[in-house]
Amino acid sequence: AMKTMCQDRLYLVRPKFFPHDEATARASGADDVLATATLCDGLQEALVGTRLVIGTTARSRSLQWPLLNPRECAEKVLQESLQGEVALVFGRERSGLTNAELDLCHYAVQIPCNPDYSSLNLAAAVQVLCYELMMASNASEQQLYIHEDDDPVASADQVEQFFQHLEETLIQISFLDPQNPKHLIRRLRRLYNRARPTQNEINILRGILTETQRANKLE
Ligand code: SAH
């Protein structure tokens, strides 16, 4: 479940057997994750050096822990992992985490499900949470890509100058009646702001406006 979602740092707390033939067989193809797992004597030892600890819970306990859903959990993990180590703590297949173990967690995450049947298999819970982590990190990588590209998103003042230019042009070509603007500019602002144009894109749009103004004067 972890490896399919690009996660590979597994810490095992006091496993009954390790390594174990059955575990290795079940991990087929992902046995490297198992082989490189870090063994710990207790949860506290596993958490040494972490900044943020999020525990998983199948049932709502007495509302002692601020509760996240998997998407919020992924956001938090991603933000925090820019600063340091983060741990997601899973419980035993039969009995989950004890309250004492959850006491070591800053947040609890619960996968929303059927209130009458809320306990997933451990591997299924790992899959869902790691999937959200991967989706969140793909999204943020894409954003980084846009920002780091050599065509950065236009600044607010560049976009503002474009809006001024747009309004001026629309008046010149009589598309916009300044006496009766009817929210046109506001609607256009919403449209262009949704697109988060880059500097090059703003240059193209302004180029079109300049040519439109020139052609209009030639008529
Ligand atoms: N009876 C236990 C169930 C354990 S299920 C309990 O009530 O906690 C085994 C592990 O899978 C849990 O410890 C947790 O890590 C994970 N898990 C199962 N269902 C989950 C859910 N709905 N939300 C978050 N984690 C869940």
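In the block above lies the structure referred to throughout.
Residues numbered from 1 in each chain as written. Predicted model: local features only at pLDDT ≥ 70, side-chain atom pairs only at ≥ 80, totals over all residues. Heavy atoms only, no water.

## Examining the nonpolar core
Point 1. Core analysis: the largest hydrophobic core is formed by 13 residues, its most contacted members being I54, L68, C73, V77 and V109.
Point 2. Counting residues per element, the ones that place at least two in this core are β3 (50–56), α4 (70–81) and α6 (122–148).
Point 3. In this view, C73 contacts I54, L68, L88 and V109; residues no more than four positions away in its chain are not counted.
Point 4. With 12 residues, the next largest nonpolar core counts F162, L166, L176 and I185 among its residues. (Core = buried A, V, L, I, M, F, W, Y, C linked by side-chain atoms within 4.5 Å. Buried < 20%, exposed > 50% of the residue type's maximum accessible area, 1.4 Å probe, protein only. Helix = DSSP H or I, 4+ residues; strand = E, 2+ residues; numbered from the N terminus. Contact = heavy atoms within 4.5 Å.)

## Focus on the state of the cysteines
Point 1. Tallied over the entire structure, the rule returns zero disulfides.
Point 2. With no disulfide of its own, C105 lies 11 Å from the sulfur of C73, the closest cysteine sulfur. (Disulfide = S-S within 2.5 Å.)

## Considering the pairing of β3
Point 1. Counting buried positions over the seven residues of β3 gives five, a clear majority of the element.
Point 2. Alignment of β3 against strand β5 (residues 85–89), held across five bridges, turns out to be parallel. Looking at β5, one finds that G55 is bridged to V89.
Point 3. Relative to strand β6 (residues 107–109), β3 is paired through three bridges, and the arrangement is parallel. Considered in β6, the bridge of G55 is made with A108. (Pairing = 2+ DSSP bridges.)

## Quick notes on the site of the ligand
Point 1. Not every one of the 21 residues close to the ligand is listed here, only the nearest: T56, R59, G91, I111 and L120.
Point 2. T57 is positioned with one of its backbone polar atoms (N or O) 3.2 Å from a nitrogen atom of the ligand.
Point 3. Contact distances for the ligand include 3.0 Å between a nitrogen atom and a backbone N or O atom of L120.
Point 4. Within the complex, the protein chains bury 93% of what would otherwise be the 540 Å² of accessible surface of the ligand.
Point 5. Of the residues assigned to the shell around the ligand, the class counts are eight nonpolar, eight polar and five charged. (Near = heavy atom within 4 Å. Polar contact = N/O pair within 3.5 Å; in protein donor to acceptor, adjacent residues only side chain to side chain. Areas by Shrake-Rupley, 256 points an atom, 1.4 Å probe, with all protein chains shown as cover. Nonpolar A, V, L, I, M, F, W, Y, C, P; charged D, E, K, R; others polar.)

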